[in-house]
Amino acid sequence: MMLDPQELGVVETDRQVHAARCSPCGQYLFAGGFEGEVRRWDLDGEDSPELQPLAGHHGWVQGLAFHPTEKRLFTADSWGELRCWDYAADEPAPCWIQESAHDGWIRCLAVSPDGKLVASCGRDRRVRNWSTVDGKPQYEYTGHEHDVYNLTFSPDGKFLVSGDDRGVVKKWNVLTAECESEFDASSLYAYHRIQDVGGVRVLALDAAGKTLAVGGGKPSRGGTVQAVPTVLLFDFATGELQHTLELGKPQDCYVHDLVLRPDNLVIAVTSGTPGNGQIIFQRPTDEEPLFRSNKLANCHSIALHPDGRRFVVVATNKGSNGNGRRLDADGNYIGNSSPLHWFELT
Amino acid sequence: MTNPRCKTWEHHLSRRHLLGAAAGATLGAAGLGGLLHPAVAGELKQKRKQVLFIWIDGGMSQLESWDPKPNTRFGGPFRAISTSVPGIQLSELLPQTARQMHHLAVVRSLHTQDNSHSAGVARIQRGDPKDRGVTYPYFGSAVARLLGPGNSGLPPYVWVKPGSGGFKHQDAGFLGPQYGALAFGDGQPPENLVKRNAVSDQDLEDRDRLRRSLNQRYAVGRPPRNSEANDYVFDVAQTLMQRRDLFDMESITARERDRYGRNDLGRDMLLGRRMLEAGVTFVKVNSYGWDTHGDNFNGHASLMPKFDQAFAAVIEDLHQRGMLDDVLVIAMSEFGRTPRINGHVGRDHWPEAWSLAMAGCGIQKGLVIGKTNDTGTFVDSEEHDIGHLFHTWFRALGIDPVKTEYNNDGQPLPIAHDDCHVIQEALI
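Residues numbered from 1 in each chain as written. Chains lettered and ligands numbered in written order. Predicted model: local features only at pLDDT ≥ 70, side-chain atom pairs only at ≥ 80, totals over all residues. Heavy atoms only, no water.

## Some words on unusual backbone geometry
Residues apart from glycine generally show negative phi values, whereas peptide bonds are mostly found in trans. Residues and elements named next belong to chain A. Applicable threshold: Put simply, DSSP marks the helices as runs of H or I at least four residues long and the strands as runs of E at least two long, and each gets a number from the N terminus on.
The backbone of Ser 48 sits at a positive phi, close to 45°, despite the residue not being glycine. Position of Ser 48 relative to the elements: it lies in the loop between strand S4 (38-42) and strand S5 (50-54). Unusually for a residue other than glycine, Cys 253 sits at a positive phi of about 60°. Relative to the assigned elements, Cys 253 resides in the loop between strand S23 (241-246) and strand S24 (254-260).

Following this line, the structure appears as structure tokens:
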């Protein structure tokens, strides 16, 4: 059983990245970066060599989503641009570009199970659907009053679920664009001084479409944010909150990414005050996690490989913080990086 | 006898002393914290100068505000946007301020000495002068001393802030407690300002006469500023009793409150503007919660719009009321934030290269002073410490920062760091 994942190795990066995702074909790993780039590694090659990145985005690339059957990757940046790529090409070029998909920061992308739609959400409070074929706009889902952080499709493709920075989660009928119901995740939000803190950091549905997982943190303060990392598990049909998993202490802050496995196991990663990161496996009905590791600093993303055995965690280098000047031996200003830690379930 | 209803703040200040000091330096030169240059107050009488000092406590990120570096390693997710001044860009988190850029001067070349809050706040607000074994006054206290209270009867230095109010004598340093800040917490006047119905006007007058008599007896053989400060507090309280309207937010239209924002900063900025209109010399408006070591970008996405709304509104209002030429507006923190993005997706403290904005009295309009390198890590022009800004602000207010000195009980002290100088390009 997979209670003790073994670390296979680390792929070092010279920069920070956000979410990482494995391609459905299993050959590639992609990660969106802080400088408008999408980095790409060949997992079939010896030592998983890094390939030519997908270039052309601006700002942060936080949205990554794959077509379920075709070798297409959809990416989105913090300047509002949405792109579609033939991700396996030696010299990848966009198949199409939506330059102004949103006004500013696109937070998340999701592709419908039938591969026809790619959904996006962002800081402009909008939730939109686009044709995966040519990037033409299809549907708009209006109703969020604040920054929309995350979204996902239901496995049957009938619903789109979106969550915002106040903990409002909406269940949309994909074709009518009507909001059919809401899930109350307001415990993941707090107003501290004049700062809105928290929000829905990740959404996931199980393969059967019965359970909706909403990840984030229960904030106690802004500024140097403190929050208890939390996953709320709802009955997707009724909206009833069934389980609340509190996965750490206030310095552990947010669940940044999670996977909901068919066997009901929640696999989550957290990132808290600098140096604090966790990988957690927990069943909803258990008091304690089946597995918890806090060896990695600031874990921001977890991606399962299609082989079902391997997974990768995007972490941060140790010693990533500090006030004032810190230079390397050559007098250069030191930035941070995001080591990619590969694990295998045994 | 101790009055149990007496607050700490009620034990300082003398209105007579302050009025006397403003009227001149004659009295001041003879007393503690006086001025050695006697012409200052007289010159300043020609045109009433005021200051709005907006303190963003904890450290606003320069990269998410005044000095964006979009699409660079440390630039963050946000775009830069054009402003009302061609060629000058600000962060997209400042859309309303961008439309007021033609009133502003942005300094992008700040290089200061302290990266801690505990020491940095005071060090910046005192102008970080050379160590001469004395505690220098905060800028507010200095301006209160140098410009005086005017004719409003209101205290010369008020501090509008969230949380508790009261009298903050520590700000005054060697100038003495009478130049401290009177803080209005949560937009409220000091407690017990309203006279109870059971107390008649005659009762009040009798009580005040008794208080003054006791105070005079107490003053015999003691340093005069203690008793004068005590008198002054009561004088101020009486004036505030007449100006309770300043705190009546219900008298302000919903539209105006909406323009400033329905949050602590919007409320306090609006009250700050009203204090300026009422004649207060120095108004400090404070916002807390900017120390974004974690979740900096979502934090600034939430914080900056509130600052943007309130700041743009007050600039626009001061301009429309014809006040901006005589009110020096400054918006700043104790330092900026690191270009480096830590694992908590935050930015830490960074005094090496950061920014502030200013406008109004004596300040050039629509320009950027200094620059940082392409990644925003260091200043790539002449560096400016807080001492340079103190020189510049005093000059903008019509005070010669070189010739004017404090007289600390016979010890002449410069009003700004003697190794720094005016930033000439910032001045009209």
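## Concerning the packing of helix H10 (residues 264-278) of chain B against helix H11 (residues 296-320) of chain B
All names here are of chain B. To be explicit about the condition: Helix axes are fitted only over the stretch in contact, all axes being lines through C-alpha atoms; the angle between N-to-C directions runs from 0 to 180 degrees. Oblique is the label for any angle not covered by the other classes, which are roughly parallel (under 35 degrees), roughly antiparallel (over 145) and roughly perpendicular (65 to 115). Each crossing gets its hand from how the near helix is turned against the far one by less than a right angle, where anticlockwise is left-handed and clockwise is right-handed. Whether two residues are in contact is decided by their heavy atoms, any of which lying within 4.5 Å being enough. Polar here means any residue other than Ala, Val, Leu, Ile, Met, Phe, Trp, Tyr, Cys and Pro, which are nonpolar, and Asp, Glu, Lys and Arg, which are charged; Gly is therefore polar.
Interhelical geometry of H10 versus H11 gives an angle of 20° and a closest axis separation of 9 Å. As far as their axial angle goes, H11 and H10 are roughly parallel. For the pair H10 and H11, the crossing hand works out as right-handed. Residue-level inspection shows Leu 265, Gly 266, Met 269, Arg 273 and Leu 276 of H10 in contact with H11, the latter providing Lys 306, Phe 307, Ala 310, Phe 311, Val 314, Asp 317 and Leu 318. Here the contact of H10 with H11 is built from residues that sort into eight nonpolar, one polar and three charged.

## Focus on the environment of Glu 178 of chain A
Residues and elements named next belong to chain A. Here Glu 178 is to be found in the loop between strand S16 (168-173) and strand S17 (179-184). The spacing of Glu 178 and Glu 140 is 38 residues in sequence and 9.7 Å in space, taken between C-alpha atoms. If we ignore the near neighbours within four places in the chain, the residues touching Glu 178 are Lys 171, Trp 172 and Asn 173.

## Let's talk about the pattern of salt bridges
The criterion, for reference: The salt bridge criterion pairs a side-chain nitrogen of Lys or Arg with a carboxyl oxygen of Asp or Glu, the two atoms within 4 Å. Each residue is assigned to one of three classes by its accessible area relative to the maximum for its type, calculated with a 1.4 Å probe on protein chains only: buried under 20%, partly exposed between the two thresholds, exposed over 50%.
As enumerated under the stated definition, the model contains 53 salt bridges over all chains in all. Two residues, Arg 126 of chain A and Glu 140 of chain A, come together in a salt bridge whose shortest N-O distance is 3.6 Å. With Arg 126 of chain A in the loop between strand S11 (117-122) and strand S12 (127-131) and Glu 140 of chain A in strand S13 (residues 137-141), this residue pair connects regions lying 14 residues apart in the sequence. The class for Arg 126 of chain A is partly exposed, based on a relative accessible area of 36%. A single network of salt bridges, built from pairs that share partners, joins Glu 256, Arg 259, Arg 273, Glu 277, Glu 316, Asp 317 and Arg 321 of chain B.

## Things to note about the side chain of Arg 201 of chain A
Counted only if it meets this: Polar contact criterion, stated in full: a pair of N or O atoms within 3.5 Å, where within protein one must be able to donate a hydrogen and the other to accept it, and residues adjacent in sequence count only if both atoms are side-chain atoms.
Inspection of the secondary structure assignment puts Arg 201 of chain A in the loop between strand S19 (195-198) and strand S20 (202-205). Taking relative accessible area as the criterion, Arg 201 of chain A reaches 12% and is therefore assigned buried. Side-chain polar atoms of Arg 201 of chain A contact the backbone oxygen of Gly 198 of chain A, separated by 3.0 Å. The contact partners of Arg 201 of chain A, leaving out residues within four places of it in the chain, are Tyr 149, Asn 150, Gly 215, Gly 216, Tyr 254, Val 255 and His 256 of chain A together with Asp 295 and Asn 298 of chain B.

## Topic: the environment of Trp 55 of chain B
All names here are of chain B. Locating Trp 55 in the fold gives a position in strand S2 (residues 50-56). With a relative accessible area of 1%, Trp 55 lands in the buried category. For the pair formed by Trp 55 and Val 285, sequence separation is 230 residues and the distance between their alpha carbons is 6.1 Å. Ignoring any residue separated from it by four or fewer positions in sequence, one finds Trp 55 in contact with Val 121, Ile 124, Gln 125, Lys 284, Val 285, Asn 286, Ser 287, Met 332, Ser 333 and Glu 334.

## Some words on the interface of chain B and chain A
We count it as follows: When two components associate, each loses some accessible surface as probed by a 1.4 Å sphere; the sum of these losses over both components is called the buried area.
Between chain B and chain A, the residue contacts involve 47 residues of the former and 49 residues of the latter. Interface of chain B and chain A: buried area, both sides summed, is about 3900 Å²; carbon and sulfur atoms make up 52% of it. Of all residues in chain B, Arg 73, Arg 340 and His 344 of chain B give up the largest surface area on contact with chain A, accounting jointly for 21% of the area buried on that side. For the pair chain B and chain A, the number of links is four salt bridges. Of the charged contacts in the structure, one is a salt bridge between Asp 196 of chain A and Lys 306 of chain B, with a shortest N-O distance of 3.1 Å. Inspection of the chain B/chain A interface yields 28 residue pairs in polar contact (both at pLDDT 80 or more). Residue assignment for the side of chain B that touches chain A shows that the elements contributing at least two residues are H10, H11 and strand S12 (349-350) of chain B. If you tally residues by element for the side of chain B that touches chain A, the top one is H11 of chain B, at eight residues. Of the residues belonging to the side of chain B that touches chain A, the class tally is 17 nonpolar, 20 polar and ten charged.

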